[in-house]
Amino acid sequence: MKPTMLFAIVLLTSIILMTAFDINLSPTTPITLSAENAPNALFVCPAASNTWDMLANGLGQFTKPLIIAFFFAVILLCFSWAWAMYQNLLKDKFVRDAFKKPWAATKMLFWALVVVLLLVKTPNYFRTVHVDGTNTNWVMCESNTPGARAVRADAVHR
């Protein structure tokens, strides 16, 4: 393997691991709370509104029709596989060409599902919360995240 390819693989792996485990190169000082407030507080940060979050919110309104369409496609795919197997059973020999269309449809449905899930379930989707008394979107964060605010735990709702 060439050294540049190995460097690229190591670099991408380190970026993925640093992102997944929230490792920062320059840590910030955490917010400290008094002993009586610490058990009743959660930390929230303003949700960065970007194109992906707006797209995810727009697609989020169509989740039920998307689920119905997905299951409809899965049922059609099952019938397609069953028809290909039935044709092979009738001929009493294995014909590989009968399975080309069902396999292509299976791959297409799988990748369509992956793309839609990536568009709908952005990282902020799982962290977004609503705080009583505000009408903006917030995300759960740690006490050392820049822009973090401590709020009462009972004021935070999913």
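Reference entry: report on the structure contained in this document. Source: prediction; values computed, not measured.

Criteria and thresholds
- Residues numbered from 1 in each chain as written.
- Predicted model: local features only at pLDDT ≥ 70, side-chain atom pairs only at ≥ 80, totals over all residues.
- Heavy atoms only, no water.
- Axes fitted to C-alpha atoms, helices over the stretch in contact; angles between N-to-C directions.
- Helix = DSSP H or I, 4+ residues; strand = E, 2+ residues; numbered from the N terminus.
- Parallel < 35°, antiparallel > 145°, perpendicular 65-115°, else oblique.
- Left-handed = near helix turned anticlockwise from the far one by under 90°.
- Contact = heavy atoms within 4.5 Å.
- Core = buried A, V, L, I, M, F, W, Y, C linked by side-chain atoms within 4.5 Å.
- Buried < 20%, exposed > 50% of the residue type's maximum accessible area, 1.4 Å probe, protein only.
- Pairing = 2+ DSSP bridges.

### Re the packing of helix α3 (residues 63–91) against helix α4 (residues 100–120)
Here comes step 1: At a closest axis distance of 10 Å, the pairing of α3 and α4 adopts a crossing angle of 165°. Here α3 is positioned roughly antiparallel relative to α4, judged by the angle of their axes. α4 is crossed by α3, and the crossing has left-handed handedness. Contacts between α3 and α4 pair Thr 63, Leu 66, Phe 70, Ala 73, Val 74, Leu 77, Ser 80, Trp 81 and Ala 84 from the former with Pro 102, Trp 103, Ala 105, Thr 106, Leu 109, Leu 113, Val 116 and Val 120 from the latter.

### Points about the nonpolar core
Here comes step 1: Membership of the largest hydrophobic core is limited to six residues, which are Val 44, Val 129, Val 131, Trp 138, Val 151 and Val 156.
Here comes step 2: Leaving out residues up to four positions away in the same chain, Val 131 has contacts with Val 44, Trp 138, Val 151, Ala 155 and Val 156.
Here comes step 3: Counting five residues, the second largest nonpolar core, distinct from the first, contains Phe 43, Cys 45, Cys 141 and Ala 148.

### Things to note about the pairing of strand β2 (residues 128–131)
Here comes step 1: Inspection of the sheet shows β2 paired to strand β3 (residues 138–140) by two bridges, in the antiparallel sense. Each bridged residue has a counterpart across the sheet, and for Val 129 the counterpart in β3 is Trp 138.
Here comes step 2: Adjacent in sequence and paired antiparallel, β2 and β3 are bridged by six residues, among which Gly 133 carries a positive phi angle near 95°.
Here comes step 3: Relative to strand β5 (residues 156–157), β2 runs antiparallel, the two sharing two bridges. Bridging across to β5, His 130 finds its partner in His 157.

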